[in-house]
Amino acid sequence: MRSPRRCTSVALCALLAACEERGPSRPRGQRVTAPVVQAPQAPQAPPGRGARVVVDVSESVRGFTSTSSVALETLHGQVIDGALSAMQLNNPFERCALDTDLHCAPPFVTPQQLRLPGTYRGTNAALHLALRRPPRAPRPDLQVPDPLDPFAVTVLVTDGFQSTSSAFQPNAVADVACTAGADPSCLAALLRRRVDEGYGVWVLRLTLPFEGRYFAERRLDATMWARVTAHVEELNRDPAWNGVRFSASRPTMTSDSGPFQWSGARPLLVFVLSRDIPRARGLLTEMVRRLNVERIGRRQTSEDFTWAEWAPYEGLTAQVVAASRADRGPQADALRVDPASRTPGGFVVPARCSIQGKSRILLQGAVAYGSQTPPPWARIELGWRLLTPPAGELLVPREALRPVPGAFQAYTGLDCTVLNAGRYSYDLALWARWSVDDAALAQQWFSRESADTSFETPERVFGLADLARSVVSAGVTREGALDRVALRLNRD
């Protein structure tokens, strides 16, 4: 037991909200409000019907096409459309073309058209138009429909994001981040907001053959071009690209878009957004199954595609299920723990004691994952926190809790020898803190395959790591009570 005026350790003081003194006349039972952390709840709005597929038709995608390649036709017809049909998500269905505007009026672009070089003529892709919630109109009849809400699932196919002169803004709202264009900051702000609204976000990367113009989106100079050619030499020596020959040629040094001829391979991204989390997960599983069959990638192996779930983050749950007296002897016999019960406010443990009563109380419970195992980049810390003001008569559990599924036990306890007759209330929280493990995040494909510049490494995606970290952090980073234990003591 510890004195009411001291914390027994620095670590315990850090865990508790404060280490404040209480005089003997101060009323006990005052509760400190603490949030209960739960898995994301289903949104109030219905999850929508059918599917919308948005296809980037800017000129930068043209290099994925050729008269002899059916890769893009197969991707859209057999993989995306086929998976939507298998999951019964294709009624209604619309496929929109995206360049500087979003074109969703019929007749819709077909998979056959998406294999043709002439389909890709846009100067750039305004990706934010496919994700951004329209401003509220003064009258309902003037309201522009949301691009996502009417659909059960939205699929966005693009080769990357705009490169602007603005540095990445990890916490900027869309109104600020999107002023420069649909760059990683803009996309991160829009996706974070959608995660807050209950949307899940998945991203799939395909490595496809590429032969065509690549746009650096900035004016190149001789030094920058030397970096490009040096990188090509490195790629052609890299065993990970065995069988693929890269080349870069014919740079246009006088253009602000910095185009040059690129040959070899490039990534294509497929984003999936949905509020129907189980069906969207099923859709990704079906798409991956079909990609394994079709083998449309550059190397014709499973390395040509990979995917990740960025949101939601369901974490884990933990709950106390039983409480009992842990000690024996005369002092322990003078403290009785009555049957506990579960209430909306937590796990309530009634106890009675005389002035001789003193015993530990065993708390038993279990930790469980949500429907998905937590991703490797989520760091989870579990511990106990005292919500009522510290009291010398209460033992705060110190047992370490592992953030893995399974049973746990911890010991609290009461010392009635220092109490006057009366009723007392003590509230404990099983506390969780989530954060992003930067080292683990750096090992993920979307971090390793991200480009720091828009010109030097066309086989990677510019700004993908910044975008990913911003979105996954929005879902992971939080803290709060997984469960509460309320000790209600009657000292005779």
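Every value quoted in this text rests on a predicted model; they were computed, and no experiment measured them.

Bridging between strand β9 (residues 316-325) and strand β13 (residues 358-369) involves nine bridges; their strand directions are antiparallel. Directly across from R325, in β13, lies its bridge partner I361. Two strands pair when backbone bridges link them, and β13 and strand β16 (residues 406-415) are joined in this way by ten bridges, in the antiparallel orientation. Bridge pairing links G365 to F408 in β16.

Applying the stated criterion across every chain, the model contains two cavities of 30 Å³ or more. Size it by volume and the largest cavity reaches roughly 50 Å³. Taken together, L206, L291, R295, I296, G297, T301, D304 and F305 make up the lining of the largest cavity. Grouping the amino acids of the lining of the largest cavity by side-chain chemistry returns four nonpolar, two polar and two charged. Taken as a whole, the second largest cavity spans an internal volume of roughly 40 Å³.

The final tally for this structure, using the stated rule, is twelve aromatic pairs. With centroids separated by 5.0 Å and ring planes inclined at 90°, the aromatic side chains of W241 and F246 adopt a geometry described as edge-to-face. The two residues W241 and F246 agree in class, both being buried. Considering the side-chain rings of W384 and F408, the 6.4 Å spacing of their centres and the 65° angle between planes classify their relative orientation as edge-to-face. Separated by 24 residues along the polypeptide, W384 in strand β14 (residues 378-386) and F408 in strand β16 bring together distant segments of the chain. When its relative accessible area of 9% is taken as the criterion, F408 is described as buried. Through pairs of rings, three or more aromatic residues link up here, namely F161, F271, W310, W377, W445 and F446. Over the face of the ring belonging to F210 we find R266, whose NZ or CZ atom lies 5.0 Å from the ring centre. In this structure, R360 packs its charged tip against the face of Y411, placed 4.4 Å from the ring centre.

If you trace the backbone, Y426 turns up in strand β17 (residues 422-436). Exposure remark for Y426: the relative accessible area of 2% places this residue in the buried category. Along the primary structure Y426 and V203 are separated by 223 residues, whereas in three dimensions their C-alpha atoms are 46 Å apart. Look past the residues within four positions of Y426 in its chain and what remains in contact with it is T388, A391, E393, L394, L414, L419, V485, A486, L487, R488 and L489.

Our focus in this paragraph is the nonpolar core. Residues W310, W384 and L467 are the most contacted members of the largest nonpolar core, which totals 84 residues. In this view, L467 contacts F161, F168, P184, L187, A188, L191, F271 and W310; residues no more than four positions away in its chain are not counted. Of all hydrophobic cores here, the second largest spans 55 residues; its members include V53, L75, L235 and I296.

A few words now on the sheet that holds β9. In space, the four strands of this open sheet follow the order β9-β13-β16-β15, with antiparallel pairing throughout. In the strand order of this sheet, the two ends are held by β9 and β15 (394-395), each with one partner.

Moving on, we come to the confidence of the model for the protein chain. The share of residues in the protein chain with pLDDT of 70 or more is 91%, and the mean pLDDT across the chain is 89. With pLDDT under 50 throughout, residues 1-36 is counted as low confidence; its partners more than four residues away or in other chains account for 64 contacts. The model gives residues 38-43 a pLDDT under 50, and that stretch makes seven contacts with residues more than four places away or in other chains.

Below, the discussion takes up the packing of helix α2 (residues 71-86) against helix α6 (residues 277-294). The interhelical angle for the contact between α2 and α6, taken along N-to-C directions, is 140°, at an axis separation of 9 Å. One element, α2, and the other, α6, form an angle in the oblique class. Read as a crossing pair, α2 and α6 show a hand that is right-handed. Judged by residue contacts, T74, Q78, V79, I80, G82, A83, L84 and A86 of α2 engage L283, E286, M287, R290, L291 and E294 from α6. Residue composition of the contact of α2 with α6, grouped by class: eight nonpolar, three polar and three charged.

Looking now at the state of the cysteines. A full pass over the atoms with the stated rule returns three disulfides. Bridging C96 to C104, the disulfide has an S-S length of 2.1 Å. On the sign convention where negative is left-handed, the bridge of C96 and C104, at about 115° about the S-S bond, is right-handed. For C104, a relative accessible area of 18% translates into the label buried. Here C353 pairs with C416 through a disulfide, and the sulfurs are 2.1 Å apart. Handedness here is read from the sign of the S-S torsion; for C353 and C416, about -105°, the answer is left-handed.

Contact pair helix α4 (residues 184-196) / helix α10 (residues 464-476): the axes reach a minimum separation of 9 Å and the direction vectors enclose 20°. Here α4 lies roughly parallel to α10, going by the angle between them. In this structure, α4 crosses over α10, and the sense of that crossing is right-handed. Of the residues in α10, those touching α4 at P184, L187, A188, L191, R192 and V195 are L467, S470, V471 and A474. Partitioning the contact of α4 with α10 into residue classes produces eight nonpolar, one polar and one charged.

Going through the model one piece at a time under the given rule, you end up with 33 salt bridges. Close ionic contact of E314 with R281 constitutes a salt bridge, the shortest N to O distance being 3.4 Å. Of this pair, E314 sits in the loop between β8 (305-311) and β9 while R281 sits in helix α6, and the two are 33 residues apart along the sequence. On the basis of relative accessible area, E314 is assigned to the buried category, the value being 16%. Classification of R281 as buried rests on a relative accessible area of 13%. The salt bridge involving R360 is made with D327; its shortest N-O contact spans 3.0 Å. Of this pair, R360 sits in strand β13 while D327 sits in the loop between β9 and α7 (330-333), placing them 33 residues apart in sequence. Classification of D327 as partly exposed rests on a relative accessible area of 22%.

Thresholds applied
Numbering of residues starts from 1 in each chain and follows the order in which that chain's sequence is written. This being a predicted model, a pLDDT of at least 70 is required before a residue's local features are given, and a value of 80 or more before pairs of side-chain atoms are given or counted; all residues contribute to the totals for chains, interfaces and linings. Calculation of side-chain values draws on the structure's entire complement of heavy atoms; hydrogens and water are dropped beforehand. Whether two strands pair depends on DSSP finding at least two bridges between them. Each helix is a run of H or I in the DSSP string that is no shorter than four residues. Each strand is a run of E no shorter than two, and both are numbered from the N terminus. Residues are called lining when one of their atoms sits within 4 Å of a cavity or pocket point, these points coming from a 1 Å grid over the protein atoms alone, where a cavity is a set in which a 1.4 Å probe fits but cannot get out and a pocket is an open set with protein on both sides within 12 Å along at least five of seven lines. Grid points are joined across faces, edges and corners, and a volume is the space filled by probe spheres set on the points. Note on residue classes: Ala, Val, Leu, Ile, Met, Phe, Trp, Tyr, Cys and Pro are nonpolar, Asp, Glu, Lys and Arg are charged, and everything else, Gly too, is polar. Side-chain rings of Phe, Tyr and Trp (the six-membered ring for Trp) are treated as a pair once their centres are within 6.5 Å; stacked means planes under 30 degrees apart, edge-to-face means over 60, and tilted covers the remaining angles. Partly exposed residues are those whose accessible area sits between 20% and 50% of the maximum for their type, while under 20% is buried and over 50% is exposed, using a 1.4 Å probe and protein chains only. The criterion is that NZ of a Lys, or CZ of an Arg, lies within 6 Å of the ring centre and within 35 degrees of the ring normal, and then a charge sits over that ring. Residues are treated as being in contact if the distance between any of their heavy atoms lies within 4.5 Å. We call a set of buried residues a nonpolar core when its members are Ala, Val, Leu, Ile, Met, Phe, Trp, Tyr or Cys and they connect through side-chain atoms within 4.5 Å of each other. Per-residue confidence from the predictor is reported as pLDDT, a score between 0 and 100. Here the axes come from fitting lines to C-alpha atoms, over the contacting stretch only for helices, and the angles between their N-to-C directions go from 0 to 180 degrees. Each angle is binned into one of four classes, with values under 35 degrees roughly parallel, values over 145 roughly antiparallel, values of 65 to 115 roughly perpendicular, and all other values oblique. Helix crossings get a hand from a simple test, with the near helix turned counterclockwise from the far one by less than a right angle marking a left-handed crossing and a clockwise turn marking a right-handed one. Two cysteine sulfur atoms make up a disulfide if the distance between them is within 2.5 Å. By convention in these notes, a salt bridge is any Lys or Arg side-chain nitrogen within 4 Å of a carboxyl oxygen on Asp or Glu.

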